[in-house]
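Coordinate inspection notes
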Amino acid sequence: MLKYTCPDGTHCYRAIHTAHAVFRDDEGKLIARAEKGDQSGMYEFEIKSFEILQSGVTYD
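Now for a quick tour of the structure. Residue numbers here run from 1 along each chain, matching the order of that chain's written sequence. Per-residue local features are limited, in this predicted model, to residues with pLDDT of at least 70; the limit for side-chain atom pairs, both in listing and counting, is 80 or more; totals at the level of whole chains, interfaces and linings are taken over all residues. To obtain the side-chain values, all non-hydrogen atoms of the structure were used and water was disregarded.

Quick look at the sheet that holds strand 5 (residues 42-47)
- Read from one edge of the open sheet, 3 strands run 3-4-5, paired in antiparallel fashion. In the strand order of this sheet, the two ends are held by strand 3 (19-24) and strand 5, each with one partner. The average angle at which neighbouring strand axes cross in this sheet is 20°, direction not considered.
- Pairing between two strands requires that DSSP report at least two bridges joining them. Numbering of helices and strands runs from the N terminus; a helix is a DSSP stretch of H or I covering at least four residues, while a strand is a stretch of E covering at least two. Judged from the 6 bridges that link them, strand 4 (residues 30-35) and strand 5 form a sheet pairing that is antiparallel. Its bridge partner lying in strand 5, Ile31 is registered against Glu46. Angles run from 0 to 180 degrees between N-to-C directions of axes, and those axes are lines fitted to C-alpha atoms, restricted for helices to the stretch in contact.

Pasting the structure below:
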């Protein structure tokens, strides 16, 4: 599972198998690319950071 932190301080989670890439765009912003929930393609969104969550570990 991946935890993405958004620029506004909120966060969201994505299954590791839906993650495609994390990269910096031409403006230097950190961008995540993931598969859409309906599997119709990819979408991109700006993030502040991300972490890979380990199975069986509880994060507070």
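Here we look at the packing of aromatic side chains
- In this analysis, rings of Phe, Tyr and Trp, with Trp reduced to its six-membered ring, are considered paired at centre separations within 6.5 Å, and the interplanar angle assigns stacked below 30 degrees, edge-to-face beyond 60, and tilted for intermediate values. In the structure shown here, the tally under the stated rule is 2 aromatic pairs.
- An angle of 85° between the planes, with centres 5.3 Å apart, marks the rings of Tyr4 and Phe45 as edge-to-face. One end of the pair, Tyr4, is in strand 1 (residues 2-5); the other, Phe45, is in strand 5, with 41 residues separating them in the sequence. Of the two residues, Tyr4 and Phe45, both sit in the buried class.
- A ring pair is formed by Tyr43 and Phe45, whose centres lie 5.4 Å apart and whose planes are at 25°; its orientation type is stacked.
- Overall, Tyr43 belongs to the partly exposed group, its relative accessible area being 28%.
- Burial classes: relative accessible area under 20% of the type maximum marks a residue as buried, over 50% as exposed, and values in between as partly exposed (1.4 Å probe, protein chains only). Overall, Phe45 belongs to the buried group, its relative accessible area being 15%.
- Joined through ring pairs, the aromatic side chains of Tyr4, Tyr43 and Phe45 make up one cluster.

Examining the state of the cysteines
- For this text, the term disulfide refers to a pair of cysteine sulfurs within 2.5 Å. With the rule as written, the count across this model stands at 0 disulfides.
- No disulfide involves Cys6; its sulfur sits 4.6 Å from that of Cys12, the nearest cysteine.
- Its relative accessible area of 15% is what places Cys12 among the buried residues.

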